[in-house]
Amino acid sequence: RAEREGDIIDLIADDDDDDGAKLQGIATTPAWYFQDLHLQERRIMITNIARLLQARKPNATADWIQRLPQMARRLEESLFRSATSFEEYRDTSTLKKRLQAMAIAIGLRLRQQHQAAGPAP
């Protein structure tokens, strides 16, 4: 489903039982990051992500809307940690494409985990 639609929303909702650990990946701060310089940009990115997600789900439930800030923060964290530079991270022209690529990767990983676990008894 996610690979076909590039829909990160359902994957994040399905993948959030471990407080984001599966999404965060790398546990270290990128070498290019300077909190004093980049903190405001990270807040802006979270807002941009939340807007993109909300636009994809205009008839969202109240529960989904309540979870939206946390989903956006988790996605931002993953984009932040995977970026090779600040310019790459903050490039809004590629934001949607990067989120779609993340959805595909998460979907593949979840499918592999389910296959490895085998059929339910």
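Residues numbered from 1 in each chain as written. Predicted model: local features only at pLDDT ≥ 70, side-chain atom pairs only at ≥ 80, totals over all residues. Heavy atoms only, no water.

**Q** How do you make sense of the nonpolar core when you look at a structure like this?
**A** Core analysis: the biggest nonpolar cluster contains 22 residues, and W32, I49, L53, Y89 and L99 have the highest contact counts within it. Mapped by element, the contributors of at least two residues to this core are α4 (35-56), α5 (62-82), α6 (86-90) and α7 (95-117). With residues near it in sequence (within four places) discarded, Y89 still touches W32, E41, R42, M45, E76, L79, F80, A83 and R98. (Core = buried A, V, L, I, M, F, W, Y, C linked by side-chain atoms within 4.5 Å. Buried < 20%, exposed > 50% of the residue type's maximum accessible area, 1.4 Å probe, protein only. Helix = DSSP H or I, 4+ residues; strand = E, 2+ residues; numbered from the N terminus. Contact = heavy atoms within 4.5 Å.)

**Q** What exactly am I supposed to notice about the packing of aromatic side chains here?
**A** For any pair of aromatic rings, geometry is given as the distance between the ring centres together with the angle between the planes. Inspection of every chain in the model, using the stated rule, returns seven aromatic pairs. Residues W32 and F80 carry aromatic rings whose centres are separated by 5.4 Å and whose planes lie at 75° to one another, so their mutual orientation is edge-to-face. Residue W32 is found in the loop between α3 (21-24) and α4, and its partner F80 is found in helix α5; the two are separated by 48 residues along the sequence. Each of the two residues, W32 as well as F80, counts as buried. Each ring, one from Y33 and one from F80, has its centre 4.8 Å from the other, and the planes form 85°; the classification is edge-to-face. (Phe/Tyr/Trp six-rings, centres within 6.5 Å; stacked < 30°, edge-to-face > 60°.)

**Q** Even after reading the chapter, I still don't get the pattern of salt bridges, so can you show me in this structure?
**A** Pairing between side chains of opposite charge can happen when their charged atoms approach one another. Counting across every chain of the model gives five salt bridges. Across the pair E41 and R90 runs a salt bridge, and its minimum N-O distance is 3.7 Å. Taken together, the residues span a long stretch of sequence, with E41 in helix α4 and R90 in helix α6 at a distance of 49 residues. The partly exposed category is assigned to E41, whose relative accessible area is 24%. Assessed through its relative accessible area of 41%, R90 is described here as partly exposed. With a closest N to O distance of 2.9 Å, R42 and E77 form a salt bridge. With R42 in helix α4 and E77 in helix α5, this residue pair connects regions lying 35 residues apart in the sequence. (Salt bridge = Lys/Arg side-chain N within 4 Å of Asp/Glu carboxyl O.)

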